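# Structural overview
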There are 2 protein chains.
Amino acid sequence: MTFALKLDAIITKHNSLLCVGLDSNIEKLPQEFKTQEHPQFAFNKYIIDQTHDLVCAYKPNSAFYEACGANGVAELKMTCDYIRENHPEIAIVLDAKRGDIGNTNEGYVKFAFSYLGADAITLHPYLGKEALQPFLDQTEKGCIILCKTSNPGSGEFQNIRCHSREGGNLEIPDRVGDDKRESGDVTKLYHTVASNIAKNWNTNGNCMLVVGATYPKELAEIRAIAGDMTFLVPGIGAQGGDLKATLVAGLNSAKKGIIINAGRSIIFSENPKEEAEKLRDEINEFRS
Amino acid sequence: MTFALKLDAIITKHNSLLCVGLDSNIEKLPQEFKTQEHPQFAFNKYIIDQTHDLVCAYKPNSAFYEACGANGVAELKMTCDYIRENHPEIAIVLDAKRGDIGNTNEGYVKFAFSYLGADAITLHPYLGKEALQPFLDQTEKGCIILCKTSNPGSGEFQNIRCHSREGGNLEIPDRVGDDKRESGDVTKLYHTVASNIAKNWNTNGNCMLVVGATYPKELAEIRAIAGDMTFLVPGIGAQGGDLKATLVAGLNSAKKGIIINAGRSIIFSENPKEEAEKLRDEINEFRS
C-alpha cells in the first residue's frame, strides 16, 4: 500500500489530521523515564499508548535520538518497531531532513525505510530532483520536502524573489495575488520549490511538502500552487502557529490535505492523551 | 584550537589539501573486511593507516553508516575515535548535510561534536542563519554549508536567478562577469548563499562552503564573492571533476583555501596509499 493510501485510511478511521511529534529530547524526559534502561523508547511507548487512537501519524525527529549516539538510534528503531507491531495502520514519518547526492542518498533510504521501517521521510530540496531520485523512486514511501519552514528566519533564502523560468514551468494562480507578480514572472523561491515538486517531482504520487503553521499566508499561496497535495504542517503548539488560520489556508478541496504536527505541547504536557484529543477535536471543528 | 587553525596547521605539516572521503558503503567493501566483526571500522582503519600522512582531513559520510543502523553509527564513532586517538592533528569532517530548526539542531550538534567528536559538519542552507545558529555558535567547530553542489541536477534551485536585495547585501565583484548581472541586481541563488554566509553568517570565523569540482566556472564566481574563505570541494575522482580547472578557479590568495575531497577513487582502489599520494602531489604541482 502506498503512503498516500495508508495515510488516507488512518485519517478516515481515526477521524484525525493530528501527527504527534516524538521529539523525545532526553534532557526533557520526566525523571521516571530517565532512569530506565531505554529511556527514550520507554517514554515514546508511554506517549504512543496514550495517544494511538487519536493520531494519523507519529513523527520522531532523528536529531533527538542521534544526540544519544548509537544507543539513541537503537531506541528510535525500537520506537518504530513498536508502532509497526502494535499499530500498523498508523503512519511513521521520520523527520530527518536529509538530502545528499544520489549515490549517497541510497544510504539514507536504507536507514529510513529498511532499518527503521518508516513510511515517509522529510527532505531538503536544495540539491534538486535529480539528487533525490533514490527517495522519489520508493513508490510505496512518502517524500516530504521542505518548502516554507516554520522558523522565524526561514525567509532568508526561501522568500528570495526569483525568476521562475529557471526553475521550471511556474504558474502562480490568481489566488496568490498580484503582490507576487511584480516584473511579470518574478516570484519567490518557496513558490518555485512548491511548483517544481507538484509538477515535475511527483510522478509517483509520493511527494508531500513541509509548510510551517507560522506562515498561514504563505500556506495559502502554496495550496494554490500545489493543488490537493498533502502538506505536513509543524509550528502549532510550542512554536505559536494559529490553528484556525492554518486550517483555513491549508485544507484542500476534500477538507483534508494537511497533517498538523504537534510535539512538545503534547508529549511534555501533564496529560498527553487529553492534549492530543483536544487538538484533534479542535482541528475537526474547523474542518466541518 | 579553532577548526580553521587546526586545518591550517595540518595542511602545512602534511603539505596537503587532500581530504579522503570515508564513504565506506558496506556493500562495496572488499570481502576480507565484510567478514569482520566491525567491517566498516576495520576498513576505515586500513584506509587511515595507509593514508594518514598524506591528508589534511577525513570526511566520513554519515549516510553510509546510518544505512547499517545503530551498528553503523557505532562504527562511525569507532572511526572518529581512532582518528582522534592516533592522529589528533587531522581534521574530521562529518558529512551529514543536516539542517533543522534551532531547537532541534541542538541534537545534531551533540551527535557531531559531543558523541562523534568531529571537528566540522556539513549543513544545508535552506532554513537560514537563524535556524543554524546552534551550529554557528560552536566557535571551535567548522560549519561547512552547501553552496553549489557537485551533482548534475544542482542547478534546479541553486542556479535560479534571483533578486539579491531579498537575500542580504550582495555585491558580485567584477570578476564574475556581466552575464550574471542582467537586470541590474539579478543574480543566482548560489551567489546569494555564498554572499550571505561570507558577510552575515561568519561572525565566529567558522564557516566554510561546499562547492563542487564539477562546476569550475561557478567555483571561480564563488571565490570572487567569498574572499579567502575555505571551500570543501567534492567531485574529483568518481564524479569526474577536472583537478586543474578546480585549482585555478578555487585556490585563494594564499594558494590554499580549498580542500579537495576524493572518496571512492581512493578508498576502493587497489592501492589507496598510492592513489592518495598521487592526488596530493598533483594538487601540489598546480599550487606551486
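My aim in this report is to walk through the structure given alongside it, one point at a time. (Residues numbered from 1 in each chain as written. Chains lettered and ligands numbered in written order. Predicted model: local features only at pLDDT ≥ 70, side-chain atom pairs only at ≥ 80, totals over all residues. Heavy atoms only, no water.)

## Side note on the interface of chain A and chain B
Tallying the contact residues gives 62 residues for chain A and 62 residues for chain B. Interface of chain A and chain B: buried area, both sides summed, is about 5400 Å²; carbon and sulfur atoms make up 56% of it. Run the count over chain A and chain B and you get 6 salt bridges. Put simply, E27 of chain A and K110 of chain B hold a salt bridge, and the shortest N to O gap is 2.3 Å. One can count 32 residue pairs in polar contact (both at pLDDT 80 or more) joining chain A with chain B. (Contact = heavy atoms within 4.5 Å. Buried area = accessible area lost by both parts, 1.4 Å probe. Salt bridge = Lys/Arg side-chain N within 4 Å of Asp/Glu carboxyl O. Polar contact = N/O pair within 3.5 Å; in protein donor to acceptor, adjacent residues only side chain to side chain.)

## Details of the sheet that holds strand 1 (residues 18–22) of chain A
Residues and elements named next belong to chain A. Around the barrel, which closes on itself, the 8 strands sit in the order 1-2-3-4-5-8-9-10 with parallel pairing between neighbours. Between one strand axis and the next, the sheet turns through 30° on average, direction left out of account. As judged from the 5 bridges shared by strand 5 (residues 142–148) and strand 8 (residues 207–211), these two strands associate in the parallel manner. In the strand pairing of strand 8, L146 is matched with V210. Contacting strand 3 (91–98), strand 4 (120–123) and strand 5, helix 6 (residues 102–115) runs over the sheet at an angle of about 155° to strand 3. (Pairing = 2+ DSSP bridges. Helix = DSSP H or I, 4+ residues; strand = E, 2+ residues; numbered from the N terminus. Axes fitted to C-alpha atoms, helices over the stretch in contact; angles between N-to-C directions.)

## Section: the pattern of salt bridges
With the rule as written, the count across this model stands at 28 salt bridges over all chains. Through salt bridges that share partners, K59, D95 and K97 of chain A together with D100 of chain B make up one connected network.

## Side note on the sheet that holds strand 4 (residues 120–123) of chain B
Residues and elements named next belong to chain B. The sheet built from 8 strands closes into a barrel, its strands ordered 1-2-3-4-5-8-9-10 with parallel pairing. Within the sheet, the average angular offset between the axes of one strand and its neighbour, ignoring direction, is 30°. Pairing analysis gives 3 bridges linking strand 3 (residues 91–98) to strand 4, with the strands arranged parallel. Bridging from a neighbouring strand, R98 pairs with L123 of strand 4. Strands in contact with helix 7 (residues 129–136) are strand 3, strand 4, strand 5 (142–148) and strand 8 (207–211); relative to strand 4, the strand with the most contacts, it is inclined by about 165°.

## A short note on the environment of A118 of chain B
All names here are of chain B. Following the sequence through the fold, A118 ends up in the loop between helix 6 (102–115) and strand 4. The class of A118 is buried, set by a relative accessible area of 0%. As a C-alpha pair, A118 and G237 span 119 residues in sequence and 24 Å in three-dimensional space. If we skip the residues at most four places from it in the chain, A118 touches I92, L94, A112, F113 and K141. (Buried < 20%, exposed > 50% of the residue type's maximum accessible area, 1.4 Å probe, protein only.)

## A few points about the relation of the copies chain A and chain B
A rotation about an axis combined with a shift along that same axis relates the two copies of the chain. When chain A is brought onto chain B, the operation consists of a screw motion whose angular component is 180° and whose axial shift is 0.0 Å, with 0.0 Å RMSD remaining. Classification of the inter-copy transformation places it as that of a two-fold axis. For chain A, the minimum C-alpha distance to the rotation axis belongs to C162 of chain A and amounts to 1.9 Å. The fraction of interface residues of chain A whose copies in chain B are also interface residues reaches 100%, indicating that both copies meet through the same surface. (Least-squares fit on C-alpha atoms with pLDDT ≥ 70 in both.)

## A word on the pairing of strand 4 of chain B
Residue and element names in this part refer to chain B. Of the two faces of strand 4, the one lined by A120 and T122 and the one lined by I121 and L123 are each fully buried. Note on the crossover from strand 3 through helix 6 to strand 4: the handedness is right-handed. Remark: the strand 4/helix 7/strand 5 crossover connection has right-handed handedness. (Right-handed = clockwise from strand over helix to strand, strands pointing away.)

## Focus: the nonpolar core
Ranked by size, the top nonpolar core spans 192 residues in total, and within it L209 and F231 of chain A together with L209 and F231 of chain B carry the most contacts. Contacts of L209 of chain A, omitting those with residues within four sequence positions, involve I144, I145, C147, A194, I197, I222, A226, M229, T230, F231 and L232 of chain A. (Core = buried A, V, L, I, M, F, W, Y, C linked by side-chain atoms within 4.5 Å.)

## Remarks on the pairing of strand 3 of chain A
All names here are of chain A. With respect to burial, strand 3 is a largely interior element, 8 of its 8 residues being buried. Alternating residues of strand 3 divide into A91, V93, D95 and K97 and I92, L94, A96 and R98, and every residue in both groups is buried. Relative to strand 3, strand 2 (residues 57–60) runs parallel, the two being bridged by 2 bridges. Its bridge partner lying in strand 3, A57 is registered against A91.

## Focus: the packing of aromatic side chains
Across all of its chains, the model carries 14 aromatic pairs over all chains by this definition. Both rings, one in F41 of chain B and one in Y82 of chain B, keep their centres 5.9 Å apart while their planes meet at 75°; by these two values the pair is edge-to-face. You can see F41 of chain B sitting in helix 3 (residues 39–51) and its partner Y82 of chain B sitting in helix 5 (residues 69–86), a full 41 residues away along the chain. Take Y82 of chain B: its relative accessible area is 14%, and that puts it in the buried class. Among the aromatic residues, those joined into a ring-pair cluster are F33, F43, Y46 and F268 of chain A. When the ring centre of Y215 of chain A is taken as reference, the NZ or CZ atom of K148 of chain A above it lies at 4.1 Å. (Phe/Tyr/Trp six-rings, centres within 6.5 Å; stacked < 30°, edge-to-face > 60°. Lys NZ or Arg CZ within 6 Å of the ring centre and 35° of its normal.)

## Focus on the packing of helix 9 (residues 189–201) of chain A against helix 10 (residues 216–226) of chain A
Residues and elements named next belong to chain A. Contact geometry of helix 9 with helix 10 gives a least axis separation of 9 Å together with a crossing angle of 30°. Accordingly, the angle class assigned to the pair helix 9 and helix 10 is roughly parallel. For the pair helix 9 and helix 10, the sense of crossing is right-handed. Between helix 9, through Y190, H191, A194, S195 and A198, and helix 10, the contact on the second element is made entirely by E218, E221, I222, I225 and A226. Across the contact of helix 9 with helix 10, the residue classes tally to 6 nonpolar, 2 polar and 2 charged. (Parallel < 35°, antiparallel > 145°, perpendicular 65-115°, else oblique. Left-handed = near helix turned anticlockwise from the far one by under 90°. Nonpolar A, V, L, I, M, F, W, Y, C, P; charged D, E, K, R; others polar.)

## Some words on the side chain of D23 of chain A
All names here are of chain A. Relative to the assigned elements, D23 resides in the loop between strand 1 and helix 2 (31–34). Although D23 is buried, it forms no salt bridge, and the closest oppositely charged side chain is K59 at an N-O distance of 4.5 Å. Excluding anything up to four places from it in sequence, D23 contacts K59, N61, F64, G263, I267 and F268. (Lys, Arg positive; Asp, Glu negative; His and termini not counted.)

## Quick notes on unusual backbone geometry
The phi angle of most residues is negative, glycine excepted, and most peptide bonds adopt the trans form. All names here are of chain B. Of note in the backbone geometry, N15 takes a positive phi value of approximately 45° without being a glycine. By relative accessible area, which is 43% here, N15 ends up partly exposed. Even without a glycine there, the phi angle at K255 is positive, about 60°. On the secondary structure map, K255 appears in the loop between helix 11 (243–250) and strand 10 (258–262). Residue K255 is classed as partly exposed on the basis of its relative accessible area, which comes to 45%.

## As for the environment of K273 of chain B
Along the chain, the position of K273 of chain B falls in helix 13 (residues 272–287). The contact partners of K273 of chain B, leaving out residues within four places of it in the chain, are Q50, T51, D53 and L54 of chain B.

The analysis is restricted to geometry; functional conclusions fall outside its scope.
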